[in-house]
Amino acid sequence: MLRGRRRMECTLDAQSLISISLRKIHSSRTQRGGIKLHKNLLVSYVLRNARQLYLSERYAELYRRQQHYPDGAPLLAMPACPPPAAAPPELAVLPLPADTQDREARSCAAARGGAELLEVPVCAAPPELQRAPCRDSSPGFYRAAGSAGPGGGGGGGSSAPPGLLYAAGCDFGSGGAPHCSSRTTVLDLDTHVVTTVENGYLHQDCCSQCPCCCQPAPGLASPPPTPGTKRKYYPGQEEEEEEEGVEEGEPGGGGGVAGGPPFAPCTKRARFEEYSAEHPQDSSNISNLISIFGSGFTGLVSRQQADSEQPLNGQLCSKQALASLGAWTRAIVAF
Amino acid sequence: FSGAGGGNDIQWCFSQVKGAVDDDVAEADIISTVEFNHSGELLATGDKGGRVVIFQQEQENKTQSHSRGEYNVYSTFQSHEPEFDYLKSLEIEEKINKIRWLPQKNAAQFLLSTNDKTIKLWKISERDKRPEGYNLKEEDGRYRDPTTVTTLRVPVFRPMDLMVEASPRRIFANAHTYHINSISINSDYETYLSADDLRINLWHLEITDRSFNIVDIKPANMEELTEVITAAEFHPNSCNTFVYSSSKGTIRLCDMRASALCDRHSKLFEEPEDPSNRSFFSEIISSISDVKFSHSGRYMMTRDYLSVKIWDLNMETRPVETYQVHEYLRSKLCSLYENDCIFDKFECCWNGSDSIVMTGSYNNFFRMFDRNTKRDITLEASRENNKPRTVLKPRKVCASGKRKKDEISVDSLDFNKKILHTAWHPKENIIAVATTNNLYIFQDKMN
């Protein structure tokens, strides 16, 4: 807590805000009295705001790199973005670098900002960057793959620029995706079987066919469960929180989760340098955790556990995985 | 209003302070709610440890005409205990979130107190007589050997030292999945509402096994959750009308005659956001932490992180008055987010005539805004101003630039010392201000 005389200065750094917010959400789970819905909702708004800024800046950086390396094509799929005029005014003045592409990025991001939490900003770049169009053409989709060592961009011999990997195509319940929309996940306390039902289809069926949902980066997550099977729940393992009527949508391991290559800081690090020097682990944590959360509010509250099936990088992630095991093994919110 | 004032300006004097003196605050002693009863004779506080302490004002002493009666402890009882929800592996805090008094109908007093999940109706009654002279029992209660009883006598009531007893008369439980943030007694004095993050329930004071859900904003898909209910209150005169505020800065007024489920509001009060003030934390600071009707019922007041707004119930588009509580914090939101202060829920209150509103701030400061003169004052609740009848010196925070003498710079403010709960006597100029673990009572200077 702030003591009397300490100066109240703070860097408005998107990355540190994200990290602080995630820490708050994590610690709220262990607080007495249970999760405070109101506080977590507010934190999720900050997270969304910071993430939009962070991602749009990353996107802008990627675009610049594309300009320099036209042949080292990453798998970039960016559907055409809605016209900037669609941006709701409330997000128009986020402090972002004054750069035409960035402004486009911002407005595209803002177009989906609206009332939805953690919307993935899409299409920050002009159409020239469209390579492999995604099968899911919903605007909620963004996918890029990259690999690079932690040392910096381009390290490790890969010509692909560093990038983020996450599949947010199945924007759960956000109305963007044609599938994976309304879900019901139920934990049967008697048989301990978790079932996710998706518009009448088992989620595993649905997602296994969709590359946007389930395709991880090379060397990443385990393949999605066999279609048609139910996941068996074992007490003591990491478990997702189940809520009736609440979207669960385990993206079958394709959540772009963090077993994969650590996120490499981009070369344009002026703003972040100070921060990452102090917290070298956190930059990889952040991209991993961003991918874990994907979209949606419930993800904040429960998803950390759900995706900790994957080995996570960084102290923060592993601490979370370990610390919350006991509390969540039998969690079910009754309505 | 500030400093030497004209005829109508109130000069606030320290009257009393209750609570531990030492700086080491025991968590259970943290005051979580303060409420005067309808006459102002009783003042109740609830704390994080689940206890309720009620103070009673002394009858005015004719010889001491310079001050009103002091408030002394009348009753203390444990209202709520910590509980454990085994199904969800959750501990339920015993912290008292709200206390609301019922109007007095007979010799006893009644109040509702609530924690996160359970509301209780408490009866506080006085006992000043006790039966003595039992035939078959000794005075200490042991039964006498029947063979030693040779005479017959009837017990009689004899005076005793006043004893104040608190007993739970009703327990209203298991109706809230989320954390209860408000309770409000209807003007019919038969029903009351309780509100949690997503739902509002209507109860009858006599019936504990049933409540009616009147508002439900839980989305079918929790992923779509965008706002929660932050406070709710019944209209002081219209028993069919209530309002609830949201984390998005809106207030909805509902009429229970319109339909059984009041998900559709009758009025929506919302002020458009100023785009030039947009920041990462816009959503947090626009969340409303308290809503209070004026005594007249014509206005309502809302408190968000930086301001107090007065709304005319007849105008939904914007508030009629806005008062900045501590605008100098706007540039510090990032730090306040880091240390969690940005989530502090400040309450606000009206004076008896609805002419002045009061709310708390940091550094043990509290603020009053006079709606007629448009003047405001900042005062401090501190043991340093301990002498009764000493007029409190107004405080000033220096936002930037050169700090004048007696001003305090923003960076020197102690953000651990926050005043979240304040209450104003319904009839007199007596205020109760709660710091972290102390209760201060201030009165206006009587001449």
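Throughout this document, residue positions are counted from 1 along each chain, in the order its sequence is written. The lettering of chains begins at A and the numbering of ligands begins at 1, in the order of writing. Reporting in this predicted model follows two pLDDT cut-offs: at least 70 for local features of residues, and 80 or more for side-chain atom pairs to be given and counted; totals over whole chains, interfaces and linings ignore these cut-offs and use all residues. Water and hydrogen atoms play no part in the side-chain values, which are based on all heavy atoms of the structure.

## What to know about the packing of aromatic side chains
All names here are of chain B. Classification of ring pairs uses Phe, Tyr and Trp, with its six-membered ring standing for Trp, and accepts pairs whose centres are within 6.5 Å; under 30 degrees between planes counts as stacked, over 60 as edge-to-face, and the remaining range as tilted. Evaluation of the coordinates by the stated rule reveals 21 aromatic pairs over all chains. On the numbers, 6.1 Å between centres and 5° between planes, the contact of Tyr192 with Trp203 is stacked. Placement of the pair is Tyr192 in strand E13 (residues 191-195) and Trp203 in strand E14 (residues 199-204), with a sequence separation of 11 residues. A simple rule labels every residue: compare its accessible area, found with a 1.4 Å probe on the protein chains alone, to the largest value its type can have, and call it buried under 20%, exposed over 50%, or partly exposed in between. You can call Tyr192 buried: its relative accessible area is 0%. Members of the aromatic cluster, connected to one another through ring pairs, are Phe14, Phe366, Tyr440 and Phe442. Each helix is a run of DSSP H or I of at least 4 residues and each strand a run of E of at least 2, with the numbering of both proceeding from the N terminus.

## A short note on the confidence of the model for chain A
All names here are of chain A. Along the chain, pLDDT gives the predictor's confidence residue by residue, from 0 to 100. Here chain A averages 48 in pLDDT, while 17% of its residues score no lower than 70. Contacts are assigned to residue pairs that have any heavy atoms within 4.5 Å of one another. Overall, residues 74-182 carries pLDDT values under 50, and its contacts beyond four positions in sequence, including any with other chains, amount to 258 contacts. Scored below 50 in pLDDT, residues 186-192 makes 20 contacts in the model with residues more than four places away or belonging to other chains.

## Remarks on helix H1 (residues 14-29) of chain A
To estimate how far a helix should reach, multiply one less than its number of residues by 1.5 Å. Taking 1.5 Å per residue as the helical rise, H1(A) with its 16 residues ought to reach 22 Å, and the 23 Å between its terminal C-alpha atoms agrees with that figure. With 14 of 16 residues buried, H1(A) is to be regarded as a mostly interior element.

## What to know about the environment of Cys398(B)
Residues and elements named next belong to chain B. Counting through the fold element by element, Cys398 comes out in strand E28 (residues 396-398). The spacing of Cys398 and Ser409 is 11 residues in sequence and 4.8 Å in space, taken between C-alpha atoms. Look past the residues within four positions of Cys398 in its chain and what remains in contact with it is Arg403, Glu407, Ile408, Ser409 and Val410.

## Side note on the sheet that holds strand E18 (residues 251-255) of chain B
Residues and elements named next belong to chain B. When DSSP finds at least two bridges between two strands, those strands are taken to pair. Taken in spatial order, the 4 strands line up as E16-E17-E18-E19 in an open sheet, and their pairing is antiparallel. In this open sheet, the two strands that pair with only one neighbour each are strand E16 (229-234) and strand E19 (267-269). Between one strand axis and the next, the sheet turns by 20° as a mean value, whatever way the strands run. Note that E16 and strand E17 (residues 241-246) share 5 bridges and pair antiparallel. The residue of E17 that forms the bridge with Phe234 is Phe242. Helix axes are fitted only over the stretch in contact, all axes being lines through C-alpha atoms; the angle between N-to-C directions runs from 0 to 180 degrees.

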